[in-house]
Amino acid sequence: MSLDAGEFLLQTVPFARTLGIVFDSAGDGRATCRLPDRADLHNHVAGPHAGALFTLAESASGAAMLTAFGDQLSRAVPLATASTIRYHKLARGEVTAEARLLGAREDVVAKLDAGERPEFDVEVEVRNADGVVVATLTVGWTLRPNRP
């Protein structure tokens, strides 16, 4: 199955479209996307709102997950199960999220093949235009097998 993970995510998650998230790349368990600098997304200190930063990072994690497991969508539903975010610095301007799958795809698929509900993490770094890390996020995902 050939899947444009960024486009698929934007079609299935309207909120990501509302924020104007743009996907730059997605493949091999990785994804990169950007949040434009828009005044309507700012907080009280003129940077992107924490909720907007979270959505950007979570969207990147979802695209990274889809690039690794999009071929499993006919038999399992991907669900985020947990997330932890840490805000390191005040973000200003456009920000970019880079996500990567932690662990091996083969291990996750083997658990799914065995009838189990695999869990795995995707790690995300959010950087400002100067390349400074402003936030980090880890999202826990599962592939819930479809019910017969």
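Higher on the page you've got the structure.
Residues numbered from 1 in each chain as written. Predicted model: local features only at pLDDT ≥ 70, side-chain atom pairs only at ≥ 80, totals over all residues. Heavy atoms only, no water.

K.L.:
With reference to specific residues and values, describe the nonpolar core.
P.N.:
Inside soluble globular proteins, nonpolar side chains tend to come together where they are buried. Of all hydrophobic cores here, the largest spans 41 residues; its most connected members are Phe69, Val124 and Val126. Elements supplying a minimum of two residues to this core: α1 (5-12), α2 (14-19), β2 (30-35), α3 (50-69), β4 (95-101), α4 (105-113), β5 (119-127) and β6 (133-145). If you tally residues by element for this core, the top one is α3, at 11 residues. Excluding anything up to four places from it in sequence, Val126 contacts Leu53, Leu56, Ala57, Val95, Thr96, Ala97, Val132, Val133, Val134 and Ala135. (Core = buried A, V, L, I, M, F, W, Y, C linked by side-chain atoms within 4.5 Å. Buried < 20%, exposed > 50% of the residue type's maximum accessible area, 1.4 Å probe, protein only. Helix = DSSP H or I, 4+ residues; strand = E, 2+ residues; numbered from the N terminus. Contact = heavy atoms within 4.5 Å.)

K.L.:
Before we move on, can you summarise α1 with the specific residues and values?
P.N.:
Inspection of α1 places Ala5, Gly6, Leu9 and Leu10 among the buried residues, and these make up the whole buried set. Taken end-on, α1 shows its buried residues confined to a sector of 130°, consistent with a single buried face. Turning to α1, the residues buried within the fold contact α2, β1 (22-27) and α3. The N-cap of α1, judged by a side-chain oxygen 3.3 Å from the amide nitrogen of Gly6 a few residues on, is Asp4. (Arc of directions from axis to C-beta. Polar contact = N/O pair within 3.5 Å; in protein donor to acceptor, adjacent residues only side chain to side chain.)

K.L.:
Explain the sheet that holds β1 to me, using residue names and the numbers behind them.
P.N.:
Two orientations exist for strands paired in a sheet by backbone hydrogen bonds: parallel and antiparallel. What the 6 strands build is an open sheet, ordered β1-β2-β4-β5-β6-β3; its pairing is antiparallel. The sheet is open, and its two borders are formed by β1 and β3 (76-87), each paired with just one other strand. With strand direction ignored, the average angle separating the axes of adjacent strands in the sheet is 20°. Sheet contacts for α4: β3, β4, β5 and β6; angle to β6, the most-contacted strand, approximately 30°. (Pairing = 2+ DSSP bridges. Axes fitted to C-alpha atoms, helices over the stretch in contact; angles between N-to-C directions.)

K.L.:
Now, about the side chain of Thr32: what can you tell me, with residues and values included?
P.N.:
Locating Thr32 in the fold gives a position in strand β2. With residues near it in sequence (within four places) discarded, Thr32 still touches Val22, Phe23, Asp24, Ser25, Thr96, Ala97 and Glu98.

K.L.:
Just give me the short version of the packing of aromatic side chains, but keep the residues and values in it.
P.N.:
Given two aromatic rings, one states the distance between the centres and the angle between the planes to describe the pair. Scanning all chains against the criterion turns up 1 aromatic pair. Between Phe69 and Phe120, the ring centres sit 4.8 Å apart and the planes meet at 50°, which makes this aromatic pair tilted. Of this pair, Phe69 sits in helix α3 while Phe120 sits in strand β5; the two residues are 51 residues apart in sequence, bridging distant segments of the chain. When its relative accessible area of 1% is taken as the criterion, Phe69 is described as buried. The class of Phe120 is buried, set by a relative accessible area of 6%. (Phe/Tyr/Trp six-rings, centres within 6.5 Å; stacked < 30°, edge-to-face > 60°.)

K.L.:
I'd like to hear about α4, residue by residue, with values.
P.N.:
Listed in full, the buried residues belonging to α4 are Val108, Val109 and Leu112. For α4, the angular spread of the buried residues around the axis is 95°, confining them to a single face. Along α4, exposed side chains directed more than 90 degrees from the buried face belong to Glu106, Asp107 and Asp113. Those residues of α4 hidden inside the fold are in contact with α3, β3, β5 and β6. Of the residues trailing α4, Gly115 is marked for its positive phi of about 85°.

Any functional reading would require information that these geometric values do not contain.
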